[in-house]
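Read off the chains here:
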2 protein chains.
Amino acid sequence: MKSFHSDTMKPTLKTLKLIPENKETPIHFLRNWITPSEYFYRRNHFKYPEITPQSFLLPIYGHVEAPLVFHHSYLKSMPSKKITMVLECSGNKRTYFEPKAYGEQWEDGAISHGIWKGVTLKSLLDMVVVKHGAKEIVFIGHDKGTRTDMEGIFHYARSLPIDVALQPDVLIAYELNGSTIPYEHGYPLRLIVPQWYGMASVKWLKEIQIIDHPFKGPFQTVDYVYYPHKANDLDARPVTNIKINSIIQQPLDYSILDTGTHEICGIAWSGHGSITTVELSFDNGSTWIKAKLSVDPKQKYSWTFWRYLWNVQKKGEYTILCRAEDSSGNVQPFEAEWNKKGYGFNAVYKVHIKIE
Amino acid sequence: MKSFHSDTMKPTLKTLKLIPENKETPIHFLRNWITPSEYFYRRNHFKYPEITPQSFLLPIYGHVEAPLVFHHSYLKSMPSKKITMVLECSGNKRTYFEPKAYGEQWEDGAISHGIWKGVTLKSLLDMVVVKHGAKEIVFIGHDKGTRTDMEGIFHYARSLPIDVALQPDVLIAYELNGSTIPYEHGYPLRLIVPQWYGMASVKWLKEIQIIDHPFKGPFQTVDYVYYPHKANDLDARPVTNIKINSIIQQPLDYSILDTGTHEICGIAWSGHGSITTVELSFDNGSTWIKAKLSVDPKQKYSWTFWRYLWNVQKKGEYTILCRAEDSSGNVQPFEAEWNKKGYGFNAVYKVHIKIE
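If you're wondering where the values come from, they're calculated on a predicted model, not measured in any experiment.

Peer 1: Can you walk me through the pairing of strand β4 (residues 57-62) of chain B in this structure?
Peer 2: As a general feature of sheets, a regular strand has side chains that alternate between the two faces. All names here are of chain B. Judged from the four bridges that link them, β4 and strand β5 (residues 68-71) form a sheet pairing that is antiparallel. Residue pairing in the sheet places isoleucine 60 in a bridge with leucine 68 of β5. Remark: five residues form the turn of the hairpin made by β4 and β5, two consecutive strands paired antiparallel.

Right, dumping it as structure tokens:
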């Protein structure tokens, strides 16, 4: 007779799709500073790639003096670096756009926070000696398949501008949270790009190509682009850094509480610097109250936990707003910038509470 | 190195709350005729009760000639009956009400379909000899706790009118899907009331009381009541039978498909008889096309699977409507009857699809 304690108190991933597998972190029920690997959100464009001996080899070639093939075990023998960072899908919160955007209807859980260990991409690029005139670095994953909008088989592939790729915290990672990266998250090698949305952190890294021209792959020029107009593709801008954002984890939207003191708690994050303020409003934004932050200044890519003790004596319906500000001065807007593919939703967060 | 096949292709329950535990069946990803027990939705009012020796005793008393205490093992020695039925929480689909109703924001997954084995309640009531003038049978669960809206500790308790309680398919169940009822679903004994919403099927059954007056417990007279007006409690009606309802399981809402043939599939169910028709509309309800049903006429409390092959060549955005009809002539309405606590949402189901 199994004890129910073993399988309750435990949240589970929310399934959005099975093939390819897309599942959300149960973010409202996790107050872990580091998201356990089994709770990391899973976002796939294609079915999981097969792992072969080639999966352990990483060729770096193209516009370089000395192309090289790095073996997984060699990379593990090199000086390593650890980065603690927020990984967020640019489609996180897509379901909140009005009018709705087509695609995976992510709620709040396409975000996780982990410790990645690997070698710096810069150290590898120094070894192959990038030639003058190099513009972008292309990262190609082992995952591949068809698209609904064009013919052919495509590998998932993304590029970074050379200056971003050379940032000292961009990693070729082989560990997540102290263990080998799980299959679902890019084993054996994954690119890790702090402060950028997750589409940049290419999983199951197959090869790296240095080019002297802009990369035109569909995951670079068709997807992960902000299209602000429904009718046309004018004013398109690429998706890059994570926008200032936050959620209220507890209490849950449309929950019923009694009078008394309740803890309101949540998370705030940004790809443009650290979180400086999280504010709550109980009067639709006329006045704002600062929440208490737990910040670790050493962790510049981390999320920030926040809390506020709410004493409520009057029965009735309340709307609680939450907004965060980062060290670059970015603040969550009341209205998110609508875009056709539904990326980067970061409007002021709202929960509706009934006190009875 | 674990195989990813073992933990993909597997959906998981969606967590709505941990204490008390409320989790949804991942209904869009299960095409099992019988919902595996681990995928049954979990709906709790209080934390799980402790199991003690008393949990295996079932007293039946009150307005009877010969009160008796039945032991779990004695019940298992009696002639048994199996019922295959839909179990649906009356709050299923609550999140779709506009204006939204407070409470657990169930999407489509507060529904499961299982095989319950037990003894008929009637056989036990015959043994205690219900006295003339008995009006209701009260079922009290071991689960108890506080409420936000009144002082005190309450056990979960519900009553049935005597005529409903005497229906030959109302069971005191001890098995689900061929095994002991899991803890989360009422072990060791659970009342099973076919065709009624789940609130009637009291879990962790503690005692049964026969009364000659209406039962006034809060889960009978405050909760599980349709309150059609926001401002007052006029025209209140108790929640009883499951309303005619259906969902489209696949494709998912706001998904993107290519041109060609796609299977549209789903489930339909009713607590007022069997499903006679499931229709789809691609023109907002002007015209309807019949879906293909897989019905098992022997299973009068079961859900019905349905499917339709959709050949689509024109790119663009589509809205697909789905509605079911039952053998009593009930049809899903375009608009669900709004009620303050958000029970019985059964409006025509909609998915939005983009073909590109």
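Next comes the rest of the write-up.
Peer 1: Looking at this model, I keep getting lost on the relation of the copies chain A and chain B. Mind explaining?
Peer 2: The relation between the two copies of this chain is a rotation about an axis and a shift parallel to it. If you rotate chain A by 180 degrees and push it 0.0 Å along the axis, it lands on chain B with an RMSD of 0.0 Å. Taken together, these values place the two copies in the relation of a two-fold axis. For chain A, the residue whose C-alpha comes nearest the rotation axis is Lys14(A), separated from it by 2.6 Å. Of the residues that chain A buries at the interface, 100% are likewise interface residues in chain B, meaning the two copies contact each other through the same surface.

Peer 1: Mind showing me how you'd approach the interface of chain A and chain B here?
Peer 2: Accessible area lost upon the coming together of the parts is a frequently used measure of interface size. Counting residues at the interface gives 50 residues for chain A and 50 residues for chain B. Carbon and sulfur atoms supply 60% of the area buried between chain A and chain B, which totals about 4300 Å² over both sides. Our enumeration of links across chain A and chain B arrives at four salt bridges. Linking Lys230(A) and Glu317(B) is a salt bridge whose minimum nitrogen-to-oxygen distance equals 2.9 Å. Our count for the chain A to chain B interface comes out at 14 residue pairs in polar contact (both at pLDDT 80 or more). When residues of the side of chain A that touches chain B are traced back to their parent elements, those giving at least two are α1 (4-7), β1 (14-17), β17 (255-257) and β24 (349-355) of chain A. Looking at the side of chain A that touches chain B element by element, the count peaks at four residues for β1(A). Its residues assigned to classes, the side of chain A that touches chain B shows 21 nonpolar, 10 polar and 19 charged.

Peer 1: Explain the environment of Trp196(A) here, please?
Peer 2: Residues and elements named next belong to chain A. Its place among the elements puts tryptophan 196 in the loop between β12 (190-192) and β13 (205-211). With a relative accessible area of 9%, tryptophan 196 lands in the buried category. Separated by 45 residues in sequence, tryptophan 196 and asparagine 241 place their C-alpha atoms 4.1 Å apart. Residues within four places of tryptophan 196 in sequence aside, it is in contact with Arg158, Leu160, Pro161, Val164, Val239, Thr240, Asn241 and Ile242.

Peer 1: Would you mind showing me how to read the sheet that holds β1(A) here?
Peer 2: Sheets are built from strands paired through backbone hydrogen bonds, the pairs being either parallel or antiparallel. As summarised here, the arrangement of the three strands in space is β1-β2-β3 (chain A), forming an open sheet in which the pairing is antiparallel. Unpaired on one side and paired on the other, β1 and β3 (42-43) of chain A mark the two borders of the sheet.

Peer 1: Which parts of the structure should I look at to understand the domain arrangement of chain A?
Peer 2: All names here are of chain A. With domains assigned, chain A is organised as domain 1 (14-223) and domain 2 (245-355). Measuring from the centre of the C-alpha atoms in domain 1 to the corresponding centre in domain 2 gives 29 Å. Taken together, the contacts link 34 residues of domain 1 with 33 residues of domain 2. Regarding the contact of domain 1 and domain 2, the summed buried area is about 3000 Å², with carbon and sulfur atoms giving 57% of it. Of all residues in domain 1, Arg31, Trp33 and Phe97 bury the most surface against domain 2, accounting for 26% of the area lost on that side. Here domain 1 and domain 2 share two salt bridges between them. In this structure, aspartate 169 and lysine 300 form a salt bridge, with 3.9 Å as the shortest nitrogen-oxygen distance. Where domain 1 touches domain 2, the interface holds 21 residue pairs in polar contact (both at pLDDT 80 or more).

Peer 1: It is not clear to me how the packing of aromatic side chains should be interpreted in this structure. Could you clarify?
Peer 2: What the rule picks out here adds up to 37 aromatic pairs over all chains. Taking the centre distance of 5.6 Å and the plane angle of 50 degrees together, the rings of Tyr96(A) and Phe345(A) count as tilted. Linking Tyr96(A) in the loop between β6 (81-88) and β7 (111-120) with Phe345(A) in the loop between β23 (316-326) and β24, this pair joins segments that are 249 residues apart in sequence. By relative accessible area, Tyr96(A) is classed as partly exposed at 34%. With a centroid separation of 5.8 Å and an interplanar angle of 80 degrees, the aromatic rings of Phe56(B) and Tyr187(B) are classed as edge-to-face. Separated by 131 residues along the polypeptide, Phe56(B) in the loop between β3 (42-43) and β4 and Tyr187(B) in the loop between β11 (179-180) and β12 (190-192) bring together distant segments of the chain.

Peer 1: Just to check I follow, could you spell out the side chain of Arg42(A) for this structure?
Peer 2: In this structure, Arg42(A) sits in strand β3. Side chain to side chain, Arg42(A) and Glu21(A) meet in a polar contact 3.0 Å long.

Peer 1: Got a minute to help me understand the sheet that holds strand β13 (residues 205-211) of chain B in this structure?
Peer 2: Residue and element names in this part refer to chain B. Across the sheet, five strands lie side by side as β5-β4-β13-β8-β9; this open sheet has mixed pairing. Single-partner strands in this sheet number two, and they are β5 and β9 (154-161). Adjacent strand axes in the sheet meet at a mean angle of 20 degrees, parallel and antiparallel pairs treated alike. Relative to β9, strand β8 (residues 136-145) runs antiparallel, the two sharing seven bridges. Its bridge partner lying in β9, lysine 144 is registered against histidine 155. Contacting β4, β5, β8 and β13, helix α3 (residues 121-128) runs over the sheet at an angle of about 140 degrees to β5.

Peer 1: Teacher, can you tell me more about the pattern of salt bridges here?
Peer 2: Side chains that differ in sign of charge can pair as their charged atoms come close. Going through the model one piece at a time under the given rule, you end up with 36 salt bridges over all chains. Of the charged contacts, one joins Glu21(B) and Lys23(B) as a salt bridge, the two residues approaching to 2.9 Å between their closest N and O atoms. Taking the relative accessible area as the measure of exposure, Glu21(B) reaches 1% and is therefore buried. Across the pair Arg323(B) and Glu279(B) runs a salt bridge whose closest N-O atoms are separated by 2.9 Å. You can see Arg323(B) sitting in strand β23 (residues 316-326) and its partner Glu279(B) sitting in strand β19 (residues 275-281), a full 44 residues away along the chain. Relative accessible area serves as the criterion here: at 18%, Arg323(B) is assigned to the buried category. In this structure Glu279(B) comes out as buried when scored by relative accessible area, which is 15%. Within this structure, Lys14(A), Glu107(A), Lys14(B) and Glu107(B) form a network of salt bridges that share partners.

Peer 1: How should I be thinking about the UniProt feature "domain: Oxidoreductase molybdopterin-binding" (unreviewed entry) in chain A in this particular structure?
Peer 2: Listed under "domain: Oxidoreductase molybdopterin-binding" (unreviewed entry) in the UniProt record, and renumbered for this structure, are residues 45-218 of chain A. The span residues 45-218 of chain A carries 11% helix and 37% strand; its end-to-end C-alpha distance comes to 12 Å.

Peer 1: Is there a simple way to think about the side chain of Ser281(B) in this case?
Peer 2: Considering the arrangement of structural elements, one finds Ser281(B) in strand β19. Of note is the side chain of Ser281(B), whose polar atom sits 2.8 Å from the backbone nitrogen of Gly285(B).

Rules used throughout
- Residues numbered from 1 in each chain as written.
- Chains lettered and ligands numbered in written order.
- Predicted model: local features only at pLDDT ≥ 70, side-chain atom pairs only at ≥ 80, totals over all residues.
- Heavy atoms only, no water.
- Pairing = 2+ DSSP bridges.
- Helix = DSSP H or I, 4+ residues; strand = E, 2+ residues; numbered from the N terminus.
- Least-squares fit on C-alpha atoms with pLDDT ≥ 70 in both.
- Contact = heavy atoms within 4.5 Å.
- Buried area = accessible area lost by both parts, 1.4 Å probe.
- Salt bridge = Lys/Arg side-chain N within 4 Å of Asp/Glu carboxyl O.
- Polar contact = N/O pair within 3.5 Å; in protein donor to acceptor, adjacent residues only side chain to side chain.
- Nonpolar A, V, L, I, M, F, W, Y, C, P; charged D, E, K, R; others polar.
- Buried < 20%, exposed > 50% of the residue type's maximum accessible area, 1.4 Å probe, protein only.
- Domains from an automatic or database assignment.
- Phe/Tyr/Trp six-rings, centres within 6.5 Å; stacked < 30°, edge-to-face > 60°.
- Axes fitted to C-alpha atoms, helices over the stretch in contact; angles between N-to-C directions.
- UniProt positions renumbered as here; feature names shortened; annotations may be inferred.

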